[in-house]
Amino acid sequence: MASCRLSAGGMIVILDVATALLWVKYVLNFSCEIVVSVDGVCLGGQHIAKPRNELRRTVNFLMVLGGAASAVEMSWGGNAEVFYDVDGEYFYGSADVDFTLSQELNNGATISLSQGFDIFPCGWCTDGLPTLVLETSYGTISAGEVDNVNEEAFSEVSGMALTEDDFGTWTHHISATSSLGGFDIAASTDSGVNNVAFNVTGSTGAVDFGIYYETDIMGATASTTVGALSLDFGYASGFGETSMGIGAGYDISSTLSASASFASNTVAGNATAVGVAYDNGSITAEADYAVEAGVLDLEAGYTTEVQPGMTVSVGVRVANATGTSTTDYNADVAYVSGDLTLLAGYDSADGSYAGVDYDLGGGVTAWAHYTEYDEAGPSEWDGAETRIGLTAEF
């Protein structure tokens, strides 16, 4: 087993099976001896990894620090895309990769450091901040590129003026999560502590609840189910508005359900809604009525498998059926056979799309897409372009 001695700013060069150089740079405040191996094959000196089919592998570093050996694991993965835009007559390519170093500590704790890089077109530019994570039996502390703990956490009742989108809007850099007495606790803030987010979620008896606080806004939610009846409660106050809502749903049968909600908003006013929905797997139908606005929205759809692998769906939507109504319809066809997927469709409000995806294996997909709008079809293809390309996940 060969080894190399690194000091501050030392560098290891690793040659992978695709003959691409992976440069891993360590900025250390001390000297250490590092013994490097990939899948048991020495990378020290002039050695390189033997050819393997895997696009993703784990690198183990045996670090000898003050005579005590500890195992450090490094993993990486990423994606790449190249395509030709027929409409714009240009080629485009992009690739990025994420690296993670992880180390098991005493008492089952784990510390990890991860960083994303934009390989092309930027040229190994860092993608956001590095993230340091310490996981223990007591909880997790993260610093760097972290999520605001209130992002996509709050759940409003229909008609509330303050919604999920009003929480977790700040970018945060430090977070901590833990559990206490069966409740989950999470907190996060930005580097300047200008915005602080905090939430507690859990269950007491048959009631699931959440309490959310953030600079400039706070809220609470609760929900429970009693037989076929489900109940939801939401409250939020901030940005000059206070919203409170109560919602109920009832399963009349296995295919038919009814719903009702009421929301009180100090600025936006009250909002009352009732609805009924039908779904037997093939046929769907829904009617929703906004009481204060006097608006009735209708929607219906039908999906069937016309032959093995081929599915056809049609639908119609009527907005404001009791007033100045607008009617839109859609038709979609999907065909899947082995590694081949064909999709096509038309929406009277957005336009049409058509395309083919072919799985080449190993995380690589060849494709050709034509779309007239963004997030088109069930695969949500990028819009208003005709493109032919390859994508790879590794």
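Overview of the structure. (Residues numbered from 1 in each chain as written. Predicted model: local features only at pLDDT ≥ 70, side-chain atom pairs only at ≥ 80, totals over all residues. Heavy atoms only, no water.)

Points about the overall build of the protein chain
Worth spelling out the cut-off: Elements are defined by DSSP. Helices are runs of H or I of four residues or more, strands are runs of E of two residues or more, and each kind is numbered from the N terminus. Only protein chains enter the area calculation, which uses a 1.4 Å probe; residues under 20% of their type maximum are buried, those over 50% are exposed, and those in between are partly exposed. Contact between two residues is taken to exist if any of their heavy atoms lie within 4.5 Å; hydrogens are not considered. Per-residue accessibility takes into account occlusion by the displayed protein chains alone, with areas from the Shrake-Rupley method and a 1.4 Å probe.
Check the secondary structure of the protein chain and you find zero helices and 28 strands. Taking all 394 residues of the protein chain together, the buried fraction comes to 28%. By sequence separation, contacts in the protein chain at least 24 residues apart represent 33% of the contacts at least 6 residues apart. Working note: accessible area of the protein chain is about 22,100 Å², and carbon and sulfur atoms make up 56% of it.

Considering the packing of aromatic side chains
Short version of the rule: Ring pairs shown here join Phe, Tyr and Trp side chains whose ring centres sit within 6.5 Å, with only the six-membered ring taken for Trp; geometry is labelled stacked below 30 degrees between planes, edge-to-face above 60, and tilted in between.
Scanning all chains against the criterion turns up 14 aromatic pairs. Ring centres of F154 and Y212 lie 5.7 Å apart, and the angle between their planes is 85 degrees; this geometry places the pair in the edge-to-face category. Residue F154 is found in the loop between β11 (139-143) and β12 (174-180), and its partner Y212 is found in strand β15 (residues 207-214); the two are separated by 58 residues along the sequence. In this structure, F154 and Y212 share a single accessibility class: buried.

A word on the nonpolar core
Worth spelling out the cut-off: The definition of a nonpolar core used throughout is a set of buried Ala, Val, Leu, Ile, Met, Phe, Trp, Tyr and Cys residues joined through side-chain atoms within 4.5 Å.
Formed by F154, V157, M160, L162, F167, Y212, I217, A236 and A263, the largest nonpolar core amounts to nine residues. Ignoring sequence-local partners within four residues, the contact set of M160 consists of F154, G234, Y235, A236, S243, M244, G245, A263 and N265. Counting residues in each nonpolar core, the second largest holds five residues, with L343, Y373, A376 and W381 among its members.

A closer look at unusual backbone geometry
In this structure, P121 follows F120 across a cis peptide bond, with omega equal to 10 degrees. Inspection of the secondary structure assignment puts P121 in the loop between β9 (110-120) and β10 (125-136). The backbone of N107 sits at a positive phi, close to 60 degrees, despite the residue not being glycine. Positionally, N107 belongs in the loop between β8 (90-104) and β9. Notably, E380 is not glycine yet its phi reads approximately 55 degrees, a positive angle. On the secondary structure map, E380 appears in the loop between β27 (364-371) and β28 (385-393).

A look at the side chain of T163
Summarising the element assignment, T163 is placed in the loop between β11 and β12. When neighbours within four sequence positions are excluded, T163 is seen to be in contact with F154 and E156.

A look at the pattern of salt bridges
Selection criterion: Salt bridge criterion: a side-chain nitrogen from Lys or Arg within 4 Å of a carboxyl oxygen from Asp or Glu.
This model, assessed by the stated rule, comprises two salt bridges. Linking R387 and D85 is a salt bridge whose minimum nitrogen-to-oxygen distance equals 3.0 Å. With R387 in strand β28 and D85 in strand β7 (residues 68-85), the pair connects residues that are 302 residues apart, well separated along the chain. Just as R387 is buried, D85 falls in that class too. Across the pair D347 and R317 runs a salt bridge, and its minimum N-O distance is 3.2 Å. In this pair, D347 is assigned in strand β25 (residues 340-347) and R317 in strand β23 (residues 310-319), connecting sequence segments 30 residues apart. On the basis of relative accessibility, which here comes to 10%, the residue D347 falls in the buried class.

Things to note about a negative patch on the surface
Operational definition: Excluding any residue in a salt bridge, patches collect residues exceeding 30% relative accessible area, merging like charges within 9 Å and nonpolar Val, Leu, Ile, Met, Phe, Trp and Tyr side chains within 5 Å. Positive charges come from Lys and Arg, negative ones from Asp and Glu, while His and the chain ends are left out of the count. Charge coordinates come from a single atom per side chain, which is NZ of Lys, CZ of Arg, CG of Asp or CD of Glu.
On the surface, D98, D127, E145, D147, E151, E152, E156 and D165 cluster together to form a negatively charged patch. Among the structural elements, D147 can be located in the loop between β11 and β12. A relative accessible area of 59% places D147 in the exposed class.

Things to note about the environment of G144
Tracing the backbone shows G144 in the loop between β11 and β12. Assessed through its relative accessible area of 12%, G144 is described here as buried. For the pair formed by G144 and P130, sequence separation is 14 residues and the distance between their alpha carbons is 5.5 Å. Among residues more than four places away in sequence, those in contact with G144 are L129, P130, T131, H172 and H173.

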